[in-house]
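Summary of the model geometry
Now for the letters of each chain:
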Amino acid sequence: MLLAGAVTGLGPAAASAAACQAWTGVPPPSPGTSANGFNGVAVLSPCDAWAVGSDEDGTGLNQTLIEHWNGSAWTVVASPDVTGEDNFLNGVRAVSANDIWAVGESAGSGADQTLILHWNGSKWAQVPSPSPTRAPTISCPPWPRHRPATPGRSAGSPATTAPARIWPSTAANGSWLPTPSLSGNLGCACNAMEAPLPDRRAAPMKLPPVDYEAPRTVSEAVELLAEYQDQASVLAGGQSLIPLLALRLAHPAVLIDINGVAELSGVSAADGWVAVGAMTREYVAEESGTVAGVVPLLAAALPLIGHEAIRSRGTVGGSLAHADPAAELPAVARALDAEFVVCGPSGERVIPAAEWFEGYLTTSRRPDELLTEVRFPAAGRGTGVSFREVARRHGDFAIVGLAASLTLSGGAISDARLAFAGLSDVPVRAGDAEDLLVGETPSAELFDEAARRATDGIDPPADLHGSADYRKKVAAALVRRGLRAAADNAARGSD
Ligand SMILES: Cc1cc2nc3c(=O)[nH]c(=O)nc-3n(C[C@H](O)[C@H](O)[C@H](O)COP(=O)(O)OP(=O)(O)OC[C@H]3O[C@@H](n4cnc5c(N)ncnc54)[C@H](O)[C@@H]3O)c2cc1C
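Owing to the predicted nature of the structure, the values given are computational and were not obtained by experimental measurement.

Considering the overall build of the chain
- The helix and strand tally for the chain stands at 13 helices and 24 strands.
- Taking all contacts inside the chain whose residues are at least 6 apart in sequence as the whole, residues at least 24 apart take part in 60%.

Written as structure tokens, this is what we have:
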């Protein structure tokens, strides 16, 4: 297969040292093709570098994108014809000029959906990927209660492990090998559990030592929270908490695993509200007909969270309790004025979204309170919504995201809601723009002015993903596009 552009001048010999430019002023690959994303670069010399990523405007046959720098220009290099339409590369490592590896994901075509390409000095070829699905399944005995289990696995469930694979350094036999574990076997965590644990710190652990509780009811969970207070972390889907533990950014003394609290899961509608239990998995909410029919903005945002694997473990309550300002659900909750129900030793209280998000990863939940449910108001007749975001790659947290909802009555806007993700340490409502919109008839000029008002005076953060100015421009573009989309589908709904 061939990607857009010519296939020329490959390898280190292609450029003489004299033709080399200094690194300063190296132009980006694919100038002018804004939709392309480069996620990895490997530099062999100033005259020989490789950039890999995805060709997101769809001009490439399989959407993988490989470009080579020969010291003076980038050229697109043919990548192998990988079946599927949503492939991308996100890392490249050069062993030598004739031995370069690029890795990424293929949407469904490759075994395990991993994608591995190899450059042998003259062409890129796809290499069969390891197949963890064929790895042996190892059953562990149930986790005893009150013993430290692998968080994320519910007590009593059998453990399976698919060992990681490595490519033999010689690459001689062309097959992937299981990763050897430290103990010489395939490393089931339960082996360690069978042995006495005199000093857990002596055993190699990804997570820091932590005690583990698995309540079965909300009142048991609340009792445990009252006992441990801020020494405890609630474990829901573990998709944010476990990485924080592994990176030693969180140090709870005890994990209170609420995966066994059945009463916390489910979606129900009553009295103009949809209640989503805190432990409702993101994919369950995504597939819920009630959510799709009654809270379309929530339905629009859910598929943008990470990948299916993340959403199959991650929970609606976990995302909102974690309160990442770049996440989708906090922006939706803020736009819709959702209500947060928490349960503590003195009973329940309901916290409005405007008071829930207090700062970066910080909410107004007290340490002895459990988030039990989040309530979203039903969309009124004539409401159109849109959730738009710009992210580095599909599935990444938004660099900037926008939740938009417009309600039309008799052709005029009767309700407008705009909330940004990624512009501050909390999700941000664009109140001035909302005020401007209400009472007006949708038009391109109105939406331009709303974009100006929504971004006037904002001071977004700058980081390696984008400058403050870039975020501001993206935010304005998202307002224009989001409002246009919301108005279009509101007009269809109010017919
Ligand atoms: C690779 C990757 C990509 C991701 N991409 C995105 C993305 O694009 N957008 C996005 O929004 N998210 C993304 N996530 C995060 C994902 O959505 C998580 O599921 C979510 O942020 C946390 O939900 P969880 O159920 O896993 O919570 P956990 O990780 O278990 O908990 C998160 C925090 O919330 C607290 N908590 C959880 N439940 C409760 C409760 N009921 N009461 C009180 N406190 C509670 C925990 O103590 C912890 O502090 C990504 C995660 C990964 C690993």
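Thoughts on the sheet that holds strand 24 (residues 428-429)
- With antiparallel pairing, four strands are arranged side by side in an open sheet as 21-22-23-24. Looking along the sheet, the strands with just one partner apiece sit at the ends: strand 21 (383-391) and strand 24.
- Sheet analysis places strand 23 (residues 412-421) next to strand 24, joined by two bridges and oriented antiparallel. Bridge pairing links phenylalanine 420 to valine 428 in strand 24.

A closer look at the site of the ligand
- Around the ligand sit 30 residues, and of these Gly237, Gly306, Gly314, Gly318 and Ala327 come closest.
- For the shell around the ligand, the secondary structure elements donating two or more residues are strand 12 (232-235), helix 8 (316-322), helix 9 (328-336) and strand 20 (370-377).
- Ranked by residue count, the leading element in the shell around the ligand is helix 8, at five residues.
- Residue composition of the shell around the ligand, by class: 14 nonpolar, 13 polar and three charged.

As for helix 2 (residues 218-228)
- Taken together, the buried positions of helix 2 are Ala221, Val222 and Leu225. Mapping the buried residues of helix 2 onto a view down its axis gives an arc of 100°, with all of them on the same face.
- On its buried face, helix 2 is in contact with strand 12, strand 13 (254-257), strand 16 (339-344) and strand 20.
- Directly beyond the C-terminal end of helix 2, a positive phi value near 50° is found at glutamine 229.

Some remarks on the sheet that holds strand 20
- The strand order across the open sheet built from five strands is 14-15-20-16-17, with neighbouring strands paired in antiparallel fashion. Edge strands, defined here as strands with exactly one partner in the open sheet, are strand 14 (267-270) and strand 17 (347-352). Here the average twist between neighbouring strands, direction ignored, is 25°.
- Bridge count for strand 16 against strand 17 is six bridges, and the pairing is antiparallel. Each residue of the ladder has a partner; that of phenylalanine 340, found in strand 17, is isoleucine 351.
- In the packing of helix 2 onto the sheet, the strands contacted are strand 16 and strand 20, and the crossing angle to strand 20 comes to about 120°.

So, the nonpolar core
- Of all hydrophobic cores here, the largest spans 90 residues; its most connected members are Leu297 and Val479.
- The dominant element in this core, judged by the number of residues it contributes, is helix 13 (residues 468-493), at nine residues.
- In terms of domain composition, this core takes at least three residues from each of domain 3 (266-377) and domain 4 (383-493).
- When sequence neighbours within four positions are dropped, the list of residues in contact with leucine 297 reads Val332, Ala335, Leu336, Val385, Phe387, Ala403 and Ser405.
- One finds Ala49, Ile66, Val76 and Val82 within the second-largest nonpolar core, a separate group that totals 21 residues.

Overview of helix 12 (residues 444-455)
- Helix length check: helix 12, at 12 residues, gives a terminal C-alpha distance of 17 Å against a target of 16 Å (1.5 Å per residue), a fit within 8%.
- By the burial criterion, the buried members of helix 12 are Phe447, Ala450, Ala451, Arg453, Ala454 and Thr455.
- Looking one or two places after helix 12, you find glycine 457, whose phi comes out positive at around 80°.

Thoughts on the environment of leucine 370
- With respect to the helices, strands and loops of the structure, leucine 370 is situated in strand 20.
- Separated by 29 residues in the primary sequence, leucine 370 and valine 341 have C-alpha atoms spaced 8.5 Å apart.
- Apart from residues lying up to four places away in sequence, leucine 370 is in contact with Val218, Ala221, Val222, Leu225, Val234, Val342 and Cys343.

As for unusual backbone geometry
- Look at aspartate 337: it is not a glycine, yet its phi comes out positive at around 55°.
- Within the secondary structure, aspartate 337 is located in the loop between helix 9 and strand 16.
- The residue leucine 361 is not glycine, and still its phi comes out positive at about 55°.
- By the secondary structure assignment, leucine 361 is in the loop between strand 18 (357-359) and strand 19 (362-363).
- Exposure remark for leucine 361: the 17 C-beta atoms within 10 Å place this residue in the partly exposed category.

Parameters at a glance
- Residues numbered from 1 in each chain as written.
- Predicted model: local features only at pLDDT ≥ 70, side-chain atom pairs only at ≥ 80, totals over all residues.
- Helix = DSSP H or I, 4+ residues; strand = E, 2+ residues; numbered from the N terminus.
- Contact = placed C-beta atoms within 7 Å.
- Pairing = 2+ DSSP bridges.
- Near = placed C-beta within 6 Å.
- Nonpolar A, V, L, I, M, F, W, Y, C, P; charged D, E, K, R; others polar.
- Buried ≥ 20, exposed ≤ 12 C-beta atoms within 10 Å, placed from the backbone.
- Arc of directions from axis to C-beta.
- Axes fitted to C-alpha atoms, helices over the stretch in contact; angles between N-to-C directions.
- Core = buried A, V, L, I, M, F, W, Y, C linked by C-beta atoms within 7 Å.
- Domains from an automatic or database assignment.
- Expected span 1.5 Å × (residues − 1).

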